[in-house]
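So the chains spell out like this:
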Amino acid sequence: MKETVLISGATGFLGSSLVKRFLQENYTVIGIKRKKSNLERLKNELNNKSLYLYNSDSDSLEKAFSNHNIDAVIHTACCYGRAGESFVSIANTNILFGLELLELTKKYYSRVFINTDTLLPKNVSTYALSKKQFTEWLKQTAGDTKIVNIKPEHLYGIGDDDTKFIGMLLTKLKQHTDIIPLTKGTQFRDFIYITDVTEAYMAVYKNISLFDVFTEFEVGTGNSIPVRMFVDEFIKQYKLSDPECKTQAGFGLISYRENELMNVNIKINPLRQLGWEAAVNYKDGIKKIINAQSHKKVIYNGF
């Protein structure tokens, strides 16, 4: 019999992808969301009898644990602080909510807690600081419940939020904005496609028995490129689908943020040893996003 997995942030970009993936393999999935969360990403899964959704802001979080025999918790819920959230709101989501989830994981003897961390240094943003602080809590409390800390690099793909970097690029291009203000784009990032990240989580989950009480994994393709290279390719591919677009990249119009991370070196060998390998390079990942956008245009125009 398949196990039961609880996924926080179930309607988010990563969380919804994990919900779909675990349902595909016939796991029972307990999704934690907010009462007003947009269910668009899960619209095709809502009638699946193996999916149970709970609202973290109206239901007792413990209700999900008492109603189901939860084998594992995958924690993806977070607050990036992009909408001007207060320090208290960021800490409540990224630290206190995670701690409540962790305590319930231990109370109900779930065998593993998989956390979603960040590779950003703590001094880059309040988001990064809060994620690092929560990781310290995880290290302090590792014991009977195995803890796995996963650090994806620059996650992207179809259906990501418009507030994120690649979503912003796509929005500006669709609007035919004259110039997109950007930094010089010389910082390196390892752009990792959403399905590759989801498969990394699945590989980790299926090999839990191999790990110590606290284990960390970094997730990337292993090939970092300058942000400028990614942006140039994105704009080039978009214009092939929309020849009327004359938008230009305004490299250097924005200063780097304080303490900007300029280089990344992802350690992916531990994941490779589990049989995982990134399957989508950045050019193909961009093509998937552009093709999905072009398909939406065709449907809309046809209507």
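Above this note sits the structure.
Quick look at the structure, then. (Residues numbered from 1 in each chain as written. Predicted model: local features only at pLDDT ≥ 70, side-chain atom pairs only at ≥ 80, totals over all residues. Heavy atoms only, no water.)

## Topic: helix H1 (residues 13–24)
Here H1 contains 12 residues, and its C-alpha end-to-end distance of 17 Å stays within 8% of the 16 Å for a straight helix at 1.5 Å per residue. Among the 12 residues of H1, 10 are classified as buried, and the element is accordingly described as predominantly covered. For H1, every residue scored as buried is listed here: Phe13, Leu14, Gly15, Ser16, Ser17, Leu18, Val19, Arg21, Phe22 and Leu23. Remark: asparagine 26 follows H1 within two positions and exhibits a positive phi of approximately 70°. (Helix = DSSP H or I, 4+ residues; strand = E, 2+ residues; numbered from the N terminus. Expected span 1.5 Å × (residues − 1). Buried < 20%, exposed > 50% of the residue type's maximum accessible area, 1.4 Å probe, protein only.)

## Thoughts on the nonpolar core
Counting residues in hydrophobic clusters, the biggest one holds 59 residues, and the most contacted among them are Phe22, Ile114, Val148, Val204, Tyr205, Phe230 and Phe234. At eight residues, the largest contribution of residues to this core is made by helix H6 (residues 194–206). Setting aside residues no more than four positions away along its own chain, phenylalanine 234 makes contact with Ile166, Leu169, Leu170, Leu173, Ile286, Ile289 and Ile290. (Core = buried A, V, L, I, M, F, W, Y, C linked by side-chain atoms within 4.5 Å. Contact = heavy atoms within 4.5 Å.)

## Overview of the packing of aromatic side chains
Scanning the entire structure with this criterion turns up 13 aromatic pairs. When the ring of tyrosine 80 is compared with that of tyrosine 127, the centres are 4.8 Å apart and the planes differ by 40°; the resulting orientation is tilted. Linking tyrosine 80 in the loop between strand S4 (72–75) and helix H3 (87–107) with tyrosine 127 in helix H4 (residues 126–141), this pair joins segments that are 47 residues apart in sequence. We classify tyrosine 80 as partly exposed; its relative accessible area is 32%. On the basis of relative accessibility, which here comes to 10%, the residue tyrosine 127 falls in the buried class. Summarising the aromatic geometry, the rings of tyrosine 156 and tyrosine 193 are spaced 5.3 Å apart at their centres and angled 80° between planes, so their arrangement reads as edge-to-face. Of this pair, tyrosine 156 sits in strand S7 (residues 154–156) while tyrosine 193 sits in strand S10 (residues 191–193); the two residues are 37 residues apart in sequence, bridging distant segments of the chain. The pair tyrosine 156 / tyrosine 193 is uniform in exposure class, with both members buried. Three or more aromatic residues link up through ring pairs in this structure, and these residues are Tyr156, Phe191, Tyr193, Phe230, Phe234 and Tyr282. (Phe/Tyr/Trp six-rings, centres within 6.5 Å; stacked < 30°, edge-to-face > 60°.)

## Concerning the sheet that holds S4
Ordered in space as S3-S2-S1-S4-S5-S6-S11, the seven strands form an open sheet in which the pairing is parallel. Of all the strands in the sheet, the pair left with one neighbour each is strand S3 (51–55) and strand S11 (214–219). Strand-to-strand, the axes of this sheet are offset by a mean angle of 15°, without reference to chain direction. Here strand S1 (residues 4–8) pairs with S4 via four bridges, running parallel. By the bridge assignment, serine 8 is partnered in S4 with histidine 75. This element, H1, spans S1, strand S2 (28–33), S3, S4 and strand S5 (112–116) of the sheet and lies at about 165° to S1. (Pairing = 2+ DSSP bridges. Axes fitted to C-alpha atoms, helices over the stretch in contact; angles between N-to-C directions.)

## Description of the packing of helix H5 (residues 165–174) against helix H7 (residues 227–241)
Two elements in contact, H5 and H7, have axes whose closest approach is 11 Å; the angle formed by their N-to-C orientations is 35°. Seen from above, H5 lies across H7 with right-handed handedness. Here H5 contributes Phe165, Ile166, Leu169, Leu170, Leu173 and Lys174 to the contact with H7, which in turn contributes Val227, Phe230, Val231, Phe234, Ile235 and Tyr238. For the contact of H5 with H7, the per-class residue count stands at 11 nonpolar, no polar and one charged. (Left-handed = near helix turned anticlockwise from the far one by under 90°. Nonpolar A, V, L, I, M, F, W, Y, C, P; charged D, E, K, R; others polar.)

## Considering the pattern of salt bridges
The final tally for this structure, using the stated rule, is 15 salt bridges. Put simply, glutamate 216 and lysine 151 hold a salt bridge, and the shortest N to O gap is 3.6 Å. In this pair, glutamate 216 is assigned in strand S11 and lysine 151 in strand S6 (residues 146–152), connecting sequence segments 65 residues apart. Two residues, glutamate 260 and arginine 189, come together in a salt bridge whose shortest N-O distance is 2.7 Å. Note that glutamate 260 is positioned in the loop between strand S13 (248–251) and helix H8 (269–272) and arginine 189 in strand S9 (residues 188–189), a separation of 71 residues in sequence. With respect to burial, glutamate 260 and arginine 189 carry one shared label: buried. Taken together, the salt bridges that share partners define one network made up of Arg21, Glu25, Glu199 and Lys206. (Salt bridge = Lys/Arg side-chain N within 4 Å of Asp/Glu carboxyl O.)

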